[in-house]
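Breakdown of the fold
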Amino acid sequence: MASSELINIGDLKQWAYCPRVVFYHRFYSGSGVPTAKMKMGLSAQADIESLEARRTLKHYGLEAAKRVFNPWLADVGVGLQGRPDLVLESADRVAVVDFKLTGDGVGENHRYQLCGYSILAELATGLPAKTAFIYRLSDGAVLPVEIDEKLRAEVGAAMLKIRWMIENEEVPEATDVRKRCEDCEYANYCGDVW
Ligand code: SF4
């Protein structure tokens, strides 16, 4: 499998949010209009890393772990690639951390994202990834996400659907949650939802 055929973890996350975004990413790459939230996330990243590098790892239960910020992870066998915010590697396990700017809870899209990164982190380190974390910057909360068999199966099924969509070049259904369309980089492409 060529690297261009690997599924980006960002697209795996988007699939759970709205499958059409993944279609546009793949077939109209670079044509979306970045939203205010996306711009805020990019500018905050360096500050977050600086803060997180000085924090104790106690809240992750991994005090002696090695921190690796933004490692590029890819695996041709599993067909995924991506760059998690932070990977914590201890003697007997590995855990992925995603920094989240907004104050809401853990959505299905975050669970898919963290599962994808965890699978890649396991393959890169040879260590099990049983739990991943969202670090919510608005209040400093650390939210654990179990990377269990059910979630892994859901992610595997989503990957099959994404591959089918790519091979058939078929536009997926719009999200049922139309509020998401109000803050979407591809809002101009979806005339049927307005
Ligand atoms: S505008 Fe709505 S349906 Fe279209 S890609 Fe964005 S979220 Fe999905």
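Below, the structure is looked at part by part. As the structure is a prediction and not an experimental result, all values here were calculated from the model.

Mapping His 110 onto the fold places it in helix α4 (residues 108-125). With relative accessibility at 9%, the residue His 110 sits in the buried group.

For the rest of this paragraph, the subject is the sheet that holds strand β4 (residues 80-82). Ordered by their spatial adjacency, three strands build an open sheet running β1-β4-β3, and the pairing between neighbours is mixed. The strands lining the two open edges of the sheet, one partner per strand, are β1 (7-8) and β3 (73-75). Taken together, the two bridges between β1 and β4 define a ladder with parallel strand orientation. Bridge pairing in β4 places Asn 8 opposite Gln 81.

Take helix α1 (residues 9-17) next. Within the sequence span of α1, burial applies to Ile 9, Asp 11, Leu 12, Trp 15 and Ala 16. On an axial view of α1, the arc spanned by its buried residues comes to 160°, and they lie on one face. At its buried positions, α1 is contacted by β1, α2 (19-27), β4, α4 and α5 (149-168).

What follows concerns the sheet that holds strand β5 (residues 86-89). Backbone-to-backbone hydrogen bonds pair the strands of a sheet. The strands run either parallel or antiparallel. Sheet architecture is open: five strands sit in the order β2-β5-β6-β7-β8, paired in mixed fashion. Edge strands, defined here as strands with exactly one partner in the open sheet, are β2 (66-69) and β8 (141-146). For this sheet, the mean inter-axis angle between neighbouring strands, taken without regard to orientation, is 25°. Where strand β6 (residues 94-100) lies against strand β7 (residues 131-136), four bridges are found, and the strand directions are parallel. By the bridge assignment, Asp 98 is partnered in β7 with Ile 134.

Turning to unusual backbone geometry, a few remarks are in order. A positive phi angle, near 50°, is found at Asn 70, a position not held by glycine. With respect to the secondary-structure elements, Asn 70 resides in the loop between β2 and β3. Judged by its relative accessible area of 22%, Asn 70 is partly exposed. Even without a glycine there, the phi angle at Glu 169 is positive, about 50°. Assignment of secondary structure puts Glu 169 in the segment after α5.

Under the criterion given, the structure shown has eight salt bridges. Here Glu 89 and Lys 66 are joined by a salt bridge, their closest N and O atoms 3.9 Å apart. You can see Glu 89 sitting in strand β5 and its partner Lys 66 sitting in strand β2, a full 23 residues away along the chain. Among the salt bridges present, the one from Arg 152 reaches Glu 122, with a minimum N-O distance of 3.0 Å. Within this pair, whereas Arg 152 is found in helix α5, its partner Glu 122 is found in helix α4, the two being separated by 30 residues in sequence. Connected via shared salt-bridge partners are Arg 111, Lys 150 and Glu 154.

Calculation rules
Residues numbered from 1 in each chain as written. Predicted model: local features only at pLDDT ≥ 70, side-chain atom pairs only at ≥ 80, totals over all residues. Heavy atoms only, no water. Helix = DSSP H or I, 4+ residues; strand = E, 2+ residues; numbered from the N terminus. Buried < 20%, exposed > 50% of the residue type's maximum accessible area, 1.4 Å probe, protein only. Pairing = 2+ DSSP bridges. Arc of directions from axis to C-beta. Contact = heavy atoms within 4.5 Å. Axes fitted to C-alpha atoms, helices over the stretch in contact; angles between N-to-C directions. Salt bridge = Lys/Arg side-chain N within 4 Å of Asp/Glu carboxyl O.

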